[in-house]
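Take a look at the letters that make up each chain.
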Amino acid sequence: MKKLLLLLLVATWGTTQFYAQDFEFKANQIDIKYERFVLPNGLTLLVHEDHKAPIAAVNVWYHVGSKNEKPGKSGFAHLFEHLMFNGSENFNDDYFQALERIGGTDLNGTTNSDRTNYFQNVPVSALDQVLFLESDRMGHLLGAIDQAKLDEQRGVVQNEKRQGENQPYGKQWDYLTKAMYPKGHPYSWTVIGEMEDLNAASLEDVQEWFKSYYGAANAVVAVAGDIDPQEVYQKVLKYFGDIPSGPTIERQEINIPTKTNDTYQVYQDRVPETRILFAWNSPEFGSREDLHFDLISSILTTGKNSRLYKRLVYEDQLASSVVSFQASSEIASRFITWANVKPGEDEEKVQEIMMQELTRLINEGPSEKELKRVKAAYFSGFIKGLERIGGFGGVSDILASNETYHGDASYYKTQLKYVEDATIADLRKTAQKWLSQGKHVLVCNPFPEYAVEKSAVDRSKLPELGPTKTSKFPTLERTKLSNGLNVVLAKRAGVPTVVMNLMFNAGYKTDFLSSPGTADLAMNLLDEGTKDMNSLQINEQLQLLGASLSTFSSQDNSNVYLNTLKPSMDASIDLFADVVLNPAFPQSEFDRLKSEQINAIKQEKSQPISMALRVMNKYLYGEGHPYSNPYTGTGYEETVANLTRDNIEEFYKTWIRPNNATLVVTGDVEMTSLKNKLEKAFGKWKKAAIPAIAFSEPKVNSKNTLYLMDRPESEQSVILAGHLTSKYGAIPQIALEQMVSILGGDFTSRINMNLREDKHWAYGAGGFVIGAKEERPFIVYAPVQTDKSAESVTELRKEISEFISTRPVTQEELDKVKTNQVLRLPGQWETNSSVNSSVVDLVKYDLPDDYYQNYDSNVRNLSLKEVRDVSKSVVKPDAVNWFMVGDRAKIADKLDELGFDAIIEIDADGKPKMPAMKESDSGIKN
């Protein structure tokens, strides 16, 4: 962006303090330089130069999606996308393997109703390899696809479908798709498709799909990064030039169904809250009215000042969340908004308020202030995306998508101009035109909670008593303010954003000295009002500044995070400091957030993975340890219910002190200037004595024990298993990282290749070591299909046991992950936010300032012996405890056969529901 027109409001200090610098964003000030080439075979090439990092993004878009499928063949576009990663005729190997070996980052493939794309960021030295791989699967794929590969990826996709539908509200998109589009419409089936259609997909279908849609003339290749356009053109011509253009493809015309009457649908799911959803058919992607709906959705639900959030969540507190968005597609779109109703609140009242606010918007349009705020947020989001060359929303993605959909890579300028020119009257007219038509109302209600008493009656005889129940990294600069606040600066020139993370040595571990859930609630409350500004005013100032601010806790730290634009940095620092130094902790906000935290706990108890995470620490560390509370940090319903505002103020006075904090700054700023600004903003902040937290020895009194959590009607079982290992710094960290990558950290890790690629029982599985300052959990995990729960435990046991016995790390495996780790570093630190995150880790674990400067050589010099030694130190099969969340009725019988010392059924708070089984027991008893 060449220029920001800065209108500085008069700053007044008194009852209300204004930080707003009102930016007027102009579409014609945003320009992505690129060169466009069309090869003789019809392939379109877009090239953008960006020399800030020695990486290149390659983004390949095919103008084909699920709308090109035939009835009875749903899900095929997405299934074919998976097949494209399984090897081609001249490179018949897994593409993820190849891309990991050359340091690929931001790599994936995705499918929607209109297009399929494949993208990756790589070191520029690997550009030829990526172009070879992409061209080989574009022009030379069919000979490498056989029945085995088709069956393998069919199983993976079906597990992806199960995993999506296993989530709360996971079936809403299937219901919504069929309700909004008449049978036979190109959008009347979901992208992932139906199980029976996936089962019917044949090799003949694969061949026909490839021949019909994967020709050069139906593709756009966008390359961005540290490159020369003419050189890239010659390379693309070399690799892609011999690929046939493919048959002419008939493009489907705009086809927006007309709904004259409202329709209504209700379904039930295993969810904690009722969800009320409204959906309207709306204009096609890229049209002026499509952009109007992006602004309308922000007015309704983006930020605390948005209409539905302010009314339903903030003021009346009837809903826990509200969402709206324009689901843009090529020939028809949908405008969707929903609200999750808090348990016990009036669903009809929520629906009535939703319609009141929508009707008010239809009749009156937005206010000038609302329009200005959402425009600023739209432009800010677009500009921040330009910092990245690849991935979703990056430069190559923007160019490729606009060329694919509109035949003009610069069409984004038209869309930005639509946003800039939008008036109150325009948005009112668009809302009146489309939101006055018939809508679909979709209501999801929680399943009723039923319970049955298990009979202890032996019907063969008289009753007796039953049993009792139970890359390149910036040089760091350091300074310290007069009040003891440490400042660490990672200066990065030429980047338009500035990121600040104020980290306190606090976090969930401090709940050990107070009550579970305190740190989480305190930090959530911190930015909900200062002495001069309420929460809504803070939120409005942030939007006008193009900034975002969040306050949160993790296990070891509490943080205040700011991401802003360089031109608005001074005003953003003032607002940042006001939030930190002058919190008001309003009673109304405390009551609201406490209620929301209790509601969040209930939601965690319905999510399979969070159910396990809530109870894991209790059994890995033992009662009375600072880490023994729920890993999510939300606490327990009863402990949060007993918290008072005084508890929050005590947390703030105790832990939020300058001598207990480090401010990590990343951006194009000078340390001298930065220190002066920070002294002015934070200089009056007083230091104080900080309590010490005593970390006792973890009290782990079990091993080879299965803790089972019943989640009736689950379509998958979630398995977590692990034990504690040494604290950070006690073992070689780089060796540990490579070990984890090989066993479970990478896509091509042993665990994932076993359960996903070989067995097809999971969409994804792996392992990791959770970051912590003290002893850390070493965890393996697998969400698996229900009927393979016991078998998956056996496979996981085999993988971790053989890892330190019969199948230790090989030199080939180590070389692969070392190369991948080294080569992906430039892409790993592309944005200021990612650099800032690494510096935060460096400070958190007291690493030397040159840790990341030396990281490359330290990885390269890592030996096989070092990794094997760390493996034997960390991986301890005999010490593992197991946690499983699934449908007890479907999985319990087979679990008895696995040889656990005990199987203990626990509730969602980790409390035993029955005594542990002894080895001599014959089953799980109630």
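**Things to note about the overall build of the protein chain**
Next up, step 1: Counting its secondary structure elements, the protein chain contains 32 helices and 25 strands.
Next up, step 2: Counting only residues that meet the buried cut, the protein chain has 60% of its 926 residues in that class.
Next up, step 3: Summing over all exposed atoms, the protein chain offers an accessible surface of approximately 36,100 Å²; the carbon and sulfur share of this is 49%.
Next up, step 4: Of the side-chain charges in the protein chain, 103 are positive and 126 negative, and the distance between the mean point of each set is 3 Å.

**With respect to the packing of aromatic side chains**
Next up, step 1: Taken as a whole and assessed by the stated rule, the structure comprises 44 aromatic pairs.
Next up, step 2: Considering the side-chain rings of Y175 and Y267, the 4.6 Å spacing of their centres and the 40° angle between planes classify their relative orientation as tilted. Pair noted here: Y175 is in helix α5 (residues 172-180) and Y267 is in strand β9 (residues 263-269), with a separation of 92 residues, a long-range link.
Next up, step 3: Ring geometry for F293 and F335: centres 4.9 Å apart, planes at 35°, overall tilted. In this pair, F293 sits in helix α9 (residues 288-301) while F335 sits in strand β12 (residues 333-341), placing the two residues 42 residues apart along the sequence.
Next up, step 4: Residue classification places F293 among the buried positions, given a relative accessible area of 0%.
Next up, step 5: Through a chain of ring-to-ring contacts, the aromatic side chains of Y62, F80, F85, F96, Y118, F210, Y214 and F747 assemble into a single cluster.

**A few points about the packing of helix α1 (residues 76-83) against helix α4 (residues 147-165)**
Next up, step 1: At a minimum axis distance of 9 Å, the contact between α1 and α4 shows a crossing angle of 120°. Between α1 and α4, the crossing angle belongs to the class labelled oblique. Of the two elements, α1 crosses α4, and the hand of that crossing is right-handed. Facing H78, L79, H82 and L83 of α1, the residues of α4 in contact are K149, L150, Q153, R154, V156, V157 and E160.

**Section: helix α13 (residues 395-406)**
Next up, step 1: Taking 1.5 Å per residue, twelve residues should reach 16 Å; α13 reaches 16 Å between its end C-alpha atoms and fits that length.
Next up, step 2: Taking burial as the measure, the twelve residues of α13 include eleven buried ones, the bulk of the element.
Next up, step 3: Note on α13: the residue one or two positions beyond its end, G407, has a positive phi of about 70°.

**Digging into the sheet that holds strand β6 (residues 105-111)**
Next up, step 1: Strand order in the open sheet made by the six strands is β3-β4-β8-β5-β7-β6, with mixed pairing throughout. Looking along the sheet, the strands with just one partner apiece sit at the ends: β3 (35-38) and β6. Taking the axes of each pair of neighbouring strands and ignoring which way they run, one obtains an average angle of 15° across the sheet.
Next up, step 2: Sheet analysis places strand β5 (residues 55-62) next to strand β8 (residues 219-225), joined by seven bridges and oriented antiparallel. Bridge assignment links A57 to a residue of β8, and that residue is A224.

**Remarks on empty space enclosed by the protein**
Next up, step 1: Roughly 90 Å³ of volume is contained in the second largest cavity.
Next up, step 2: Across the lining of the second largest cavity, the residue classes break down as six nonpolar, six polar and two charged.

**A few points about the pairing of strand β14 (residues 476-480)**
Next up, step 1: Direction of pairing for β14 relative to strand β15 (residues 486-491): antiparallel, over a ladder of five bridges. Its bridge partner lying in β15, L476 is registered against A490.
Next up, step 2: Hairpin remark: β14 followed by β15, antiparallel, with five residues in the connecting loop; positive phi at G484, about 95°.

The rules behind each value
- Residues numbered from 1 in each chain as written.
- Predicted model: local features only at pLDDT ≥ 70, side-chain atom pairs only at ≥ 80, totals over all residues.
- Heavy atoms only, no water.
- Helix = DSSP H or I, 4+ residues; strand = E, 2+ residues; numbered from the N terminus.
- Buried < 20%, exposed > 50% of the residue type's maximum accessible area, 1.4 Å probe, protein only.
- Areas by Shrake-Rupley, 256 points an atom, 1.4 Å probe, with all protein chains shown as cover.
- Lys, Arg positive; Asp, Glu negative; His and termini not counted.
- Charge placed at Lys NZ, Arg CZ, Asp CG, Glu CD.
- Phe/Tyr/Trp six-rings, centres within 6.5 Å; stacked < 30°, edge-to-face > 60°.
- Axes fitted to C-alpha atoms, helices over the stretch in contact; angles between N-to-C directions.
- Parallel < 35°, antiparallel > 145°, perpendicular 65-115°, else oblique.
- Left-handed = near helix turned anticlockwise from the far one by under 90°.
- Contact = heavy atoms within 4.5 Å.
- Expected span 1.5 Å × (residues − 1).
- Pairing = 2+ DSSP bridges.
- 1 Å grid on protein atoms, 1.4 Å probe; cavity = no way out; pocket = protein on both sides within 12 Å on 5 of 7 lines; lining within 4 Å.
- Points joined across faces, edges and corners; volume = space filled by probe spheres on them.
- Nonpolar A, V, L, I, M, F, W, Y, C, P; charged D, E, K, R; others polar.

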